[in-house]
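A closer look at the structure
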Amino acid sequence: LFATEGLLAGGPERERDSPPPDEYGIVEGQGLERIPPCVTHRFYRLFDTRFRIGFTGEAPLAAVEGMLARLGDPGTHPADVEITLIGVGERYLVARGMAVVGVSPDLAGVMARLESALVLTAIDAAPHLLSLHSGALARGACGLLLPAPSGSGKTTLTAALNHSGWDFGTDEMTLLDID
């Protein structure tokens, strides 16, 4: 996997895919001059990072609350990271601070971009040596990592092993520390 991605010395060079042109000119990584006013805010916690998510419209609110219900954080301390979902016609932008971190043509797509922004931000803030897109299980003193791309069956295999007596760790991201 590392060799095919061009991450190993001497491995094949892989040409990166160019993003499609954006008909509105807004692209990921672009800075914003201002954030539009939000109609409401919600607080969530992932790992040790507290997020304040602002909504410039009501449309994505129910979907976000459904997706992030278990991460809700009613605490009163300030957020570590501000994320705003900005509706622009039928399109949506995900902004972290004053930078666009996701652009989507519809509500379904913005949910994936919001999840990515939350996960990557929380992982970056968490102390770790290496992060892997993998399942992680344990049985006694034995640990098992199942690194694999999305859609390859890692969640199904992790669930089956958990059902067979393995202790569930994760089926998405595994953070390894120096110990």
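Each value, and the rule that gives it
Residues numbered from 1 in each chain as written. Predicted model: local features only at pLDDT ≥ 70, side-chain atom pairs only at ≥ 80, totals over all residues. Heavy atoms only, no water. Axes fitted to C-alpha atoms, helices over the stretch in contact; angles between N-to-C directions. Helix = DSSP H or I, 4+ residues; strand = E, 2+ residues; numbered from the N terminus. Parallel < 35°, antiparallel > 145°, perpendicular 65-115°, else oblique. Left-handed = near helix turned anticlockwise from the far one by under 90°. Contact = heavy atoms within 4.5 Å. Nonpolar A, V, L, I, M, F, W, Y, C, P; charged D, E, K, R; others polar. Pairing = 2+ DSSP bridges. Polar contact = N/O pair within 3.5 Å; in protein donor to acceptor, adjacent residues only side chain to side chain. pLDDT = per-residue confidence, 0-100. Buried < 20%, exposed > 50% of the residue type's maximum accessible area, 1.4 Å probe, protein only.

Their axes nearest at 11 Å, the elements helix α1 (residues 61-68) and helix α2 (residues 107-125) cross at an angle of 45 degrees. When the axis of α1 is compared with that of α2, the two are oblique. Once α1 is placed against α2, the crossing between them reads as right-handed. Within the contact between the two elements, α1 uses Ala 63, Val 64, Met 67 and Leu 68 and α2 uses Met 111, Leu 114, Glu 115 and Leu 118. Among the residues making up the contact of α1 with α2, the classes are represented as seven nonpolar, no polar and one charged.

Right, let's get into the sheet that holds strand β5 (residues 99-104). Reading across the sheet, the five strands line up as β1-β2-β3-β4-β5 and stay open at both edges, with mixed pairing between neighbours. In this open sheet, the two edge strands, each paired with only one partner strand, are β1 (40-46) and β5. Averaged over all adjacent pairs, the angle separating strand axes in this sheet is 25 degrees, with direction ignored. As paired elements, strand β3 (residues 81-88) and strand β4 (residues 91-96) share six bridges and run antiparallel to each other. Residue pairing in the sheet places Ile 83 in a bridge with Arg 96 of β4. Here α1 sits on the sheet in contact with β1, β2 (49-55) and β3, set at roughly 20 degrees to β1.

Another aspect to go through is the environment of Asp 106. In this structure, Asp 106 sits in the loop between β5 and α2. Asp 106 sits 14 residues away from Tyr 92 along the chain, and the two C-alpha atoms are 6.5 Å apart. With residues up to four places along the chain from it excluded, the contact list for Asp 106 reads Glu 90 and Tyr 92. A distance of 2.8 Å separates a polar side-chain atom of Asp 106 from the backbone nitrogen of Gly 109.

Moving on: the confidence of the model for the chain. Across the chain, the average pLDDT comes to 86, with 87% of residues at or above 70. Mean pLDDT values over the elements of the chain span from 86, in strand β9 (residues 173-176), up to 95, in β2.

In this structure, Leu 118 sits in helix α2. Judged by its relative accessible area of 4%, Leu 118 falls in the buried class. Taking the C-alpha atoms as reference, Leu 118 lies 9.3 Å from Val 81; in sequence the two are 37 residues apart. With sequence-adjacent residues up to four places away left out, Leu 118 is seen in contact with Leu 46, Phe 51, Ile 53, Leu 68 and Ile 83.

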